[in-house]
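Read off the chains here:
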Amino acid sequence: MKKDTQRSRGQRLERIQASPQWRDGAFRNPSGASAMIGAAETPSVIKEFIMGTGKRSPGGEGLPTVDPLPGWSKPNDSGFRVTWLGHSTLLVEIDGVRILTDPVWVHRVSPVGFAGPKRFQPMPVDLESLPKIDAVIISHDHYDHLDRRTVERFAQKKVPLVTSLGVGKHFEKWGIPPEAFTELDWWESCEIGGVKLTATPTQHFSGRGLTDRNSTLWASYVIESPNHRFYFGADSGLTPQFVKIAEKFGGFDVVALEIGAFHESWAGIHMGPDNAWKAFEMLKGKLFLPIHWGVFDLALHPWEKPAERVLELAGDRPLMLPRMGQVFEPNNWDGNEAWWRVA
């Protein structure tokens, strides 16, 4: 850890050391949830991961997919449109600005290309077929949220990158110049075309190797225009910080929260469907959009369990469970459109 943090030098290192989230040589959760992170690595959990039963991948079936290109070509009547492209990758169109979250087009989310969690199915659209993107948000540096090849492609196209404090050290190592990205601490903001992006707290951790645990910050992001507010939850355990976020922003038109890769031993860092519904209510959301499920084998549960459980808990609450690639306008959602139940 100490060795790795020395790669953050100059102004970045000064900002890291001045951050309220930085204590005793690492970024910390306010709740002290780092102790819970260790529970995710106990021998019993590792054994369960290797020897557990249950269908952890869909085989050749995959998720139902929609080609988003026809939807993106249509007028955006409400000025607010969202497309779930799989896992935590979302295209948020808000008052003329297109924001892409945690874009991962790679086949495996791993430090090596020949091993590690791989996709159940391709993305519903090629990277080169995307419409013009105005900014990319990278919530934290885990491989299923930060993909080097994808980020480098956007940097080549001079698309602004917005990320959490410290993550820029990876970008610079990859040859991406400092002017290409903005690093935010919690509650800091930047503006893209009149749309404000604010990094907000989550309860998680970071690291891409054995020596860099929690040397970079993790965050959720609020995307707001004068007319709409969208909450991108990224990865998080249930935290009282959600109440503070709702108090500051006054609730959200759409709240995107993770429901996959959950386990009782990981409750401090991943919510799962039950806690995601609690978080949705704490955040004062109008519509719940589940993310972080159904694309990679990152957990011990059957691959379809997150969707089945979130539907079971929904009742008459406002849930949007779209197909991958389905373009929808939250303001025109009628309460039934695009509901999808796993067979």
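In what follows, the structure referred to is the one given above.
These lines cover the structure that appears in this document, whether it is placed above or below.

## Points about the side chain of histidine 87
Within the secondary structure layout, histidine 87 lies in the loop between β3 (80-86) and β4 (89-94). Only 2.8 Å separates the side chain of histidine 87 from the side chain of aspartate 144, close enough to count as a polar contact. Histidine 87 has contacts with Asp144, His145, Ile291, His292, Trp293, Val295, Phe296 and Leu298, leaving out every residue within four places of it along the chain.

## Some thoughts on the sheet that holds strand β7 (residues 161-164)
Strand order in the open sheet formed by 7 strands is β8-β7-β6-β5-β4-β3-β15, with mixed pairing between adjacent strands. Where the open sheet ends on each side, the last strands, each with one partner, are β8 (181-184) and β15 (327-328). Bridge count for strand β6 (residues 135-138) against β7 is 3 bridges, and the pairing is parallel. Across the sheet, the residue bridging to valine 136 is leucine 161, located in β7. Across the sheet, helix α6 (residues 148-156) touches β5 (97-101), β6 and β7, and the angle it forms with β7 is around 140°.

## Details of the nonpolar core
Membership of the largest hydrophobic core comes to 70 residues, with the highest contact counts inside it found for Leu90, Leu197, Ile223, Phe230, Tyr231, Leu257 and Phe288. What leucine 197 contacts, discounting residues up to four positions off in sequence, is Ile99, Ile137, Val162, Leu184, Glu188, Ser189, Cys190, Ile192, Val222 and Ile223.

## Here we look at the packing of aromatic side chains
All told, the structure shown has 10 aromatic pairs when counted by the stated rule. Judged by centre distance (6.1 Å) and plane angle (45°), the rings of phenylalanine 171 and tryptophan 174 are tilted. You'll find phenylalanine 171 and tryptophan 174 in the same group, each marked buried. An aromatic cluster is defined as three or more aromatic residues linked by ring pairs; in this entry it consists of Tyr231, Phe242, Phe249 and Phe252. Here the basic side chain of lysine 248 rests over the ring of phenylalanine 249, its NZ or CZ set 5.9 Å away from the ring centre.

## Some thoughts on the side chain of glutamate 224
Looking at the element boundaries, glutamate 224 is found in strand β11 (residues 220-224). Comment: no salt bridge for buried glutamate 224; closest opposite-charge side chain is lysine 196, at 4.4 Å. Glutamate 224 has contacts with Ile94, Val195, Lys196, Thr198, Arg229 and Phe249, leaving out every residue within four places of it along the chain.

## Quick word on the pairing of strand β10 (residues 195-200)
β10 sits mainly inside the fold: 5 of its 6 residues count as buried. The sheet contact formed by strand β9 (residues 189-192) and β10 spans 4 bridges and is antiparallel. Directly across from glutamate 191, in β10, lies its bridge partner lysine 196. Counted along the chain from β9 to the antiparallel partner β10, the turn is 2 residues long, and its residue glycine 193 has a positive phi close to 55°. Inspection of the sheet shows β10 paired to β11 by 5 bridges, in the antiparallel sense. Following the sheet pairing, threonine 198 is matched in β11 by valine 222.

## Focus on helix α8 (residues 241-249)
One turn of an α-helix holds 3.6 residues; hence residues three or four places apart share an orientation. By the burial criterion, the buried members of α8 are Gln241, Phe242, Ile245, Ala246 and Phe249. Seen along its axis, α8 keeps its buried residues to an arc of 140°; they face one direction. Opposite the buried face of α8, at more than 90 degrees from it, the exposed residues are Glu247 and Lys248. In this structure, the buried side of α8 is in contact with β10, β11, β12 (229-232) and α9 (272-282). Glycine 250 sits one or two positions beyond α8 and adopts a positive phi of about 80°.

The rules behind each value
Going along each chain's sequence as written, the residues are numbered from 1 onward. Owing to the predicted nature of the model, reporting of local features is limited to residues with pLDDT of at least 70; listing and counting of side-chain atom pairs is limited to 80 or more, with chain, interface and lining totals taken over all residues. Side-chain measures were taken over the full set of non-hydrogen atoms in the model, leaving aside hydrogen atoms and water. Put simply, DSSP marks the helices as runs of H or I at least four residues long and the strands as runs of E at least two long, and each gets a number from the N terminus on. Polar contacts here mean pairs of N or O atoms no more than 3.5 Å apart (in protein, one a potential hydrogen donor and the other a potential acceptor; neighbouring residues in sequence count only if both atoms are side-chain atoms). We call two residues in contact whenever any of their non-hydrogen atoms come within 4.5 Å of each other. By definition, two strands form a pair when at least two bridges between them are found by DSSP. What counts as an axis is a line fitted to C-alpha atoms, over the stretch in contact for a helix, and the angles between N-to-C directions run from 0 to 180 degrees. What is meant by a nonpolar core is a set of buried Ala, Val, Leu, Ile, Met, Phe, Trp, Tyr and Cys residues, joined one to another through side-chain atoms within 4.5 Å. A simple rule labels every residue: compare its accessible area, found with a 1.4 Å probe on the protein chains alone, to the largest value its type can have, and call it buried under 20%, exposed over 50%, or partly exposed in between. The aromatic pairing rule takes the rings of Phe, Tyr and Trp, using the six-membered ring of Trp, and pairs them if the centres are within 6.5 Å, calling planes under 30 degrees apart stacked, those over 60 edge-to-face and the rest tilted. Our definition puts a charge over a ring when NZ of Lys or CZ of Arg is within 6 Å of the ring centre and also within 35 degrees of the ring normal. A residue counts as positive if it is Lys or Arg and as negative if it is Asp or Glu; His and the chain ends are not included. The working definition used for a salt bridge is a side-chain nitrogen of Lys or Arg within 4 Å of a carboxyl oxygen of Asp or Glu. The arc in question is the one traced by the directions running from the helix axis out to the C-beta atoms.

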